[in-house]
Amino acid sequence: MSVGKHLLNPPNLDLVKRLSWKFGRPKILEQGLRFYEANPDEVAQVVRNLEYMGLPAGGAALDAVLEQIVAHYYEKLFILVKGYEAVWIARNKVEIAPGALEPLEQAKAQGRAIFLAGCHFGATYLQALVLAARGWNIHAVGKFPGRVGQALRASDAVFAERYGTGRTTFLDVDDPDAEVPGTMLQLLMTGGVLSNVFDENNAFSKPRSLLGRTVYGGSGMDLILRHFDDNRVAVVTPFLIRTGDDSFRFEADHHSLASPDIVGDFYRSLGRRLEQHHAQWYFIHELHEALMDLRAGG
């Protein structure tokens, strides 16, 4: 059992719903760290992945990585069950880095679409709400199975109807009726705001360089973006970085579709964050899955 499966259960959903961030977060962190104490094989996998990437893999540095992985799952539980408190945090506990929203605002004023190239780093489950709390409507591509997808959609409806946020529409890649690739193209052709991760490994992923190491990623995003240029689509890599137990900073890098390697540019943006905040790269406990060539004939 992974740490995520260990923590994402009905009793913990109830716990997080009942308790404020100040009191609920430490309880989930305690559970998660106890899980790692009882499952040294899970810790050993994290250590191997850190070593592969040339990142600190022992002592206090390892402790920080494990804690930040658990923090990610607390934030997932939090966004599934909270209403007012989640919106309050998104509006009051997030510093917007200077210029971070300018490419989005400029694109919106010009009627251009926006592609948000996300990744498994930082406080991703709060990231969409940070933008929604400022009035943005977003279509987010990902895996939103069963009850998780239902809870996310229900939370989004509460945020919008009670607290006046923008809406997030969740496009589930595992839903055969969603026609996700066609919807993505349509959104980019009609001035929508589309979010998708670039660092997942799938049959469309290619070898990429990250901190001088090879990983497989891209998720085929280059195949979508090659149909557009900067006059039609603004491309941004957003990051929500934890600056404390309950505070965050929103950063964003703007990219040009004239680049010969747009996905490589995404990875370089991620690499710069890892150099400063590698403990917040929660994908590290699954990184080994991104070291395999999943392409046909790979």
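Scoring rules and cut-offs
- Residues numbered from 1 in each chain as written.
- Predicted model: local features only at pLDDT ≥ 70, side-chain atom pairs only at ≥ 80, totals over all residues.
- Heavy atoms only, no water.
- Buried < 20%, exposed > 50% of the residue type's maximum accessible area, 1.4 Å probe, protein only.
- Helix = DSSP H or I, 4+ residues; strand = E, 2+ residues; numbered from the N terminus.
- Pairing = 2+ DSSP bridges.
- Patch = residues over 30% accessible without salt bridge, like charges linked within 9 Å, V, L, I, M, F, W, Y side chains within 5 Å.
- Areas by Shrake-Rupley, 256 points an atom, 1.4 Å probe, with all protein chains shown as cover.
- Salt bridge = Lys/Arg side-chain N within 4 Å of Asp/Glu carboxyl O.
- Lys, Arg positive; Asp, Glu negative; His and termini not counted.
- Charge placed at Lys NZ, Arg CZ, Asp CG, Glu CD.
- Axes fitted to C-alpha atoms, helices over the stretch in contact; angles between N-to-C directions.
- Contact = heavy atoms within 4.5 Å.
- 1 Å grid on protein atoms, 1.4 Å probe; cavity = no way out; pocket = protein on both sides within 12 Å on 5 of 7 lines; lining within 4 Å.
- Points joined across faces, edges and corners; volume = space filled by probe spheres on them.
- Nonpolar A, V, L, I, M, F, W, Y, C, P; charged D, E, K, R; others polar.
- Core = buried A, V, L, I, M, F, W, Y, C linked by side-chain atoms within 4.5 Å.
- Polar contact = N/O pair within 3.5 Å; in protein donor to acceptor, adjacent residues only side chain to side chain.

Comments concerning the pairing of strand 4 (residues 168-172)
And step 1. Counting buried residues along strand 4, 4 of its 5 residues qualify, which places the element largely inside the surrounding structure.
And step 2. Inspection of the sheet shows strand 3 (residues 138-142) paired to strand 4 by 5 bridges, in the parallel sense. Its bridge partner being in strand 4, Ile138 is matched across the sheet by Thr168.

Re a negative patch on the surface
And step 1. Residues Asp174, Asp175, Asp177 and Glu179 make up a contiguous surface patch of negative charge.
And step 2. By the secondary structure assignment, Asp175 is in the loop between strand 4 and helix 10 (180-189).

What to know about the sheet that holds strand 5 (residues 193-197)
And step 1. A sheet is described by the order of its strands in space; here 7 strands give the open sequence 1-9-8-2-5-3-4, paired in mixed fashion. The open sheet is flanked by strand 1 (94-96) and strand 4, the only strands paired with a single partner. Sheet twist, expressed as the mean angle between neighbouring strand axes with direction ignored, is 25 degrees.
And step 2. Strand direction decides the pairing type here: strand 8 (residues 233-242) and strand 9 (residues 248-255), joined by 8 bridges, are antiparallel. Pairing of Arg242 across the sheet is with Phe248, part of strand 9.
And step 3. Contacting strand 2 (113-118), strand 8 and strand 9, helix 12 (residues 262-277) runs over the sheet at an angle of about 150 degrees to strand 9.

Quick word on empty space enclosed by the protein
And step 1. Tallied over the full model, the rule gives 1 cavity of 30 Å³ or more.
And step 2. In terms of lining, the largest cavity is formed by Asp199, Leu210, Val215, Tyr216, Tyr267, Leu270, Trp281, Phe283, Leu287 and Ala290.
And step 3. For the lining of the largest cavity, the elements supplying multiple residues, two or more each, are strand 7 (213-217) and helix 12.
And step 4. For the lining of the largest cavity, a count of residues per class yields 9 nonpolar, no polar and 1 charged.

A word on the nonpolar core
And step 1. Counting 96 residues, the largest nonpolar core has Ile69, Phe115, Leu188, Phe266, Leu270, Trp281 and Ile284 as the members making the most contacts within it.
And step 2. When residues in this core are grouped by element, the largest group, 12 residues, is from helix 5 (residues 59-81).
And step 3. Ignoring sequence-local partners within four residues, the contact set of Leu270 consists of Cys119, Phe121, Phe198, Leu210, Phe239 and Trp281.

As for the layout of surface pockets
And step 1. By volume, the second largest pocket amounts to about 160 Å³.
And step 2. Around the second largest pocket, the lining residues are Trp21, Lys22, Arg25, Pro26, Glu85, Trp88, Ile89, Lys93, Asp245 and Asp246.
And step 3. Breaking the lining of the second largest pocket down by element, the ones donating at least two residues are helix 3 (21-38) and helix 6 (84-92).
And step 4. Of the residues forming the lining of the second largest pocket, the biggest block, 4 residues, is contributed by helix 3.

Remarks on the environment of Gly166
And step 1. Tracing the backbone through its elements, the reader meets Gly166 in the loop between helix 9 (146-163) and strand 4.
And step 2. Overall, Gly166 belongs to the buried group, its relative accessible area being 4%.
And step 3. Each C-alpha atom of the pair Gly166 and Asp156 lies 8.6 Å from the other, and the pair is 10 residues apart in sequence.
And step 4. Residue contacts for Gly166: discarding those within four places in its chain leaves Ala132, Gly135, Trp136, Asn137, Asp156 and Ala160.

Re the side chain of His255
And step 1. Mapped onto the elements, His255 comes out in strand 9.
And step 2. A polar atom in the side chain of His255 sits 3.3 Å from the side chain of Ser269.

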